[in-house]
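Here is how the chains run, residue by residue.
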Amino acid sequence: PGASGGRGEKNGTRLFNRATDMLRSPGSTIKPVASYSLCLDKGLVHPWTIFDDSDFVQLKGTTWYPNNDDSQNDGGVTLRYALQVSINTVAAQMIDMLTPEVSFDHLVNNLGFTHLVRDYNGFSDVSYAGMALGQLSYGESVREMCQSYTPLCNNGIYTEARTYSKILDASGKLVYENIPESHVALKETTAYYMTEMLNNAANRGTGWLSKFGNMGIAGKSGGSSSWHDRWYIAYTPYLLAACWTGYDIGENMGSSNPATGMWKQVMQEVHKYLGYEDKQFETPEGMRRVTVCVDTGLLASEACDHEIRGSRTMTLYMYPEDMPTSVCQAHVYQDICSESLDLVGTDCPDSCRVRLSVLDPSKYSGTMTLPDYYRSGAYPKKRSFGSDAAYQEWRDENRTRYVLSEMLHCRYHNIDPISGWIIEAKHGYLINPTTGMYYDIENDILIDQYSKWQVDWLTGYLIDPNTGNLATAGVRDALHSIPHSFDESKHYFYPIPENELLLNDKLKQNPNW
């Protein structure tokens, strides 16, 4: 054991030690000890439990709800994946399951946290932000954060950190033995599941820069608001270490995490010096390798592995008492159009017909995580829509396309019987197979498929919707200002083969268009 309290050569005694004396916000490094492991230990979740990472979730105990670091949401995610990429919304939902009070008491009574405050000078760490994201009133020391991870790497047993084990006199006689305080803080099964998930995070997630050789590493990164503090706490089958990087007077450290690379540099040399060979974490005896459906948590069927979104299975080791006993029936096979990913329609060619599974919630009696708007039966009403048509368009685009009751039959392959052209799904336009342009039959106009501007029949120029004039000079700048994707490699007018069947005689007035 050891600690480094600062950079450079030591120039005094009893100096300020940043590893033991400094208090800083631990950020996401608090998640494994305050929410994930505790929820696992209480049987509230498993690594394959699905959470709804969306901005429509309403917590029971607060109106507060966090954003993710990238301000994006991934929808339904497993607990394992949420830890891998450090999803804030999932940590908040687990604290809501536990309550901040239960999490706070666990950190103080079982994991050696001594700097948390229940109610002091108007500050309190009994809060959602504190327990879910590590936004603490005064912070925690690097030493205490490190020792809080000891149950995860030591079969659930918490051990207080120490910098020496014993004192011997000149003759080698034992003068004092420093026996650390130790107790059971978590179940052995919880420790294994956490190690497996943190190992996955180190291999595929936020801790991948810490890898060296073929050494098993289980770790979690973290950062405080404005990136003033960057952390990495991780362990191997041999050693546990915590690394903090930052300034005494907080400054933005940037989006990258130097603590991860620093942890690797130190631990790689320490393992080499001590002669520790590369080793992976051991799987406890009696564990079973099981493949489950990540949508239901039941044993996976063949259909779960061939879903429209891709495989919805996860294989991992489980303790026998955690193993599901029934097979998922919620994934059902359907004929799918491979181009539109909708149910096969009457005009879909045989070459586009594939057999894939979709989700049918009616065939599962338990709780299944689906988007809030699907569960409630109504799409979000808080959004602002200019018209009923705009609302309906949003609803159609945001339907849950992998749920059977929400799926539509393919409209991409709706063929116009007269022209043989495809009918565009949203508005019923005909799509020119050569140019891709839209033809509005009802209003007898051409529409450019990129800008959505009307096209002049005679010249082929786009018509500025604001002025009604032909858009010639400066049209590129105008197109960039509208909220549609525009392919700059395309011309503003398109050649049409002379032998092509033309729907409207007006086109014949300029056959070179």
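Along each chain, the written sequence defines residue order, and numbers are assigned to residues from 1. Local features are withheld for residues below a pLDDT of 70 in this predicted model, meaning they are given only at 70 or higher, and side-chain atom pairs are given and counted only at 80 or more; totals for whole chains, interfaces and linings count all residues. Computation of side-chain values: all heavy atoms of the structure, hydrogens and water removed.

S.K.: What exactly am I supposed to notice about the overall build of the protein chain here?
M.R.: Strands here are runs of E lasting at least two residues and helices are runs of H or I lasting at least four, both read from the DSSP assignment and numbered beginning at the N terminus. Scanning the protein chain from N- to C-terminus turns up 12 helices and 20 strands. Burial classes: relative accessible area under 20% of the type maximum marks a residue as buried, over 50% as exposed, and values in between as partly exposed (1.4 Å probe, protein chains only). Out of the 513 residues belonging to the protein chain, those deemed buried represent 46%. Residue contacts are counted whenever heavy atoms from the two residues lie within 4.5 Å of one another. Considering only residue pairs separated by 6 or more positions, the protein chain has 60% of its internal contacts joining residues 24 or more positions apart. Here, Shrake-Rupley sampling with a 1.4 Å probe gives the accessible areas, and only protein chains in the shown set may cover a residue. Accessible area of the protein chain: about 26,900 Å², with a carbon and sulfur share of 48%.

S.K.: Whenever I open this one, unusual backbone geometry confuses me. Can you help?
M.R.: One can expect most non-glycine residues to show negative phi and most peptide bonds to be in trans. Its identity is not glycine, yet Ser-71 carries a phi of approximately 60°, on the positive side. Tracing the sequence through the fold places Ser-71 in the loop between strand E1 (50-53) and strand E2 (75-78). Even without being a glycine, Lys-452 presents a positive backbone phi close to 65°. Overall, Lys-452 belongs to the partly exposed group, its relative accessible area being 40%.

S.K.: I keep staring at the pairing of E1 and nothing clicks. Help me out?
M.R.: The side chains of a regular strand alternate, first on one face of the sheet and then on the other. Neither face of E1 is open: one carries Ile-50 and Asp-52, the other Phe-51 and Asp-53, and all of them are buried. Two strands pair if DSSP finds at least two bridges between them. Here E1 pairs with E2 via four bridges, running antiparallel. By the bridge assignment for E2, Phe-51 is matched with Val-77.

S.K.: Is there a simple way to explain the sheet that holds strand E8 (residues 229-235) in this structure?
M.R.: Think of a sheet as strands paired side by side through backbone hydrogen bonds, with each pair either parallel or antiparallel. On the basis of which strands lie adjacent, the open sheet formed by three strands has the order E7-E8-E9 and antiparallel pairing. The sheet is open, and its two borders are formed by strand E7 (218-223) and strand E9 (240-246), each paired with just one other strand. Here the average twist between neighbouring strands, direction ignored, is 10°. One ladder, built from six bridges, connects E7 with E8; its direction is antiparallel. Simply put, an axis is a line fit to the C-alpha atoms, just over the touching stretch for a helix, and the angle between two N-to-C directions goes from 0 to 180 degrees.

S.K.: I'm lost on the environment of Gly-261 in this one. Help?
M.R.: Following the sequence through the fold, Gly-261 ends up in helix H9 (residues 258-274). Relative accessible area serves as the criterion here: at 22%, Gly-261 is assigned to the partly exposed category.

S.K.: Is there a simple way to explain the nonpolar core in this structure?
M.R.: In globular proteins that are soluble, nonpolar side chains generally tend to be buried together. For the purposes of this section, nonpolar cores are sets of buried Ala, Val, Leu, Ile, Met, Phe, Trp, Tyr and Cys residues that join through side-chain atoms within 4.5 Å. Formed by 61 residues in total, the largest nonpolar core has its most connected members in Tyr-36, Leu-79, Val-90, Leu-107 and Met-194. Discounting residues that sit within four places of it in the chain, Val-90 has contacts with Tyr-36, Phe-51, Val-77, Leu-79 and Ala-82. In this structure, Val-332, Leu-359, Tyr-402 and Val-403 belong to the second largest nonpolar core, which totals 15 residues.

S.K.: Is there a simple way to think about the packing of aromatic side chains in this case?
M.R.: What characterises a pair of aromatic rings is the spacing of the ring centres plus the angle enclosed by the ring planes. For Phe, Tyr and Trp, rings pair up if their centres lie within 6.5 Å, where Trp contributes its six-membered ring, and each pair is then called stacked (planes under 30 degrees apart), edge-to-face (over 60) or tilted (otherwise). According to the stated counting rule, one finds 14 aromatic pairs in the structure shown. Ring centres of Trp-64 and Tyr-128 lie 6.4 Å apart, and the angle between their planes is 40°; on these two criteria the pair is classed as tilted. With Trp-64 in the loop between E1 and E2 and Tyr-128 in helix H5 (residues 128-133), this residue pair connects regions lying 64 residues apart in the sequence. Exposure remark for Trp-64: the relative accessible area of 27% places this residue in the partly exposed category. Given a relative accessible area of 11%, Tyr-128 falls into the buried group.

S.K.: When you look at the pattern of salt bridges in this model, what are you seeing that I'm missing?
M.R.: We define a salt bridge as a contact between a side-chain nitrogen of Lys or Arg and a carboxyl oxygen of Asp or Glu at a distance within 4 Å. Per the stated rule, a full pass over the model turns up 10 salt bridges. A salt bridge links Asp-229 to Arg-24, with the shortest nitrogen-to-oxygen separation between them at 2.8 Å. Taken together, the residues Asp-229 in strand E8 and Arg-24 in the segment before helix H1 (31-41) connect sequence positions 205 residues apart. One exposure class covers both Asp-229 and Arg-24, and it is buried. Measuring nitrogen to oxygen at the nearest pair gives 3.9 Å for the salt bridge that ties Glu-282 to Lys-279. One network of salt bridges, with partners in common, ties together Asp-295, Glu-307, Arg-309 and Arg-312.

S.K.: Sorry, what's going on with H1 here?
M.R.: Owing to its 3.6 residues per turn, the α-helix brings residues three or four apart onto one side. For H1, the buried fraction is high: 11 of the 11 residues fall into the buried class. Turning to H1, its buried residues number three or more, namely Lys-31, Pro-32, Val-33, Ala-34, Ser-35, Tyr-36, Ser-37, Leu-38, Cys-39, Leu-40 and Asp-41. Just downstream of H1 lies Gly-43, where phi reads positive at about 75°.

Functional significance is not addressed by these values, which are geometric in nature.
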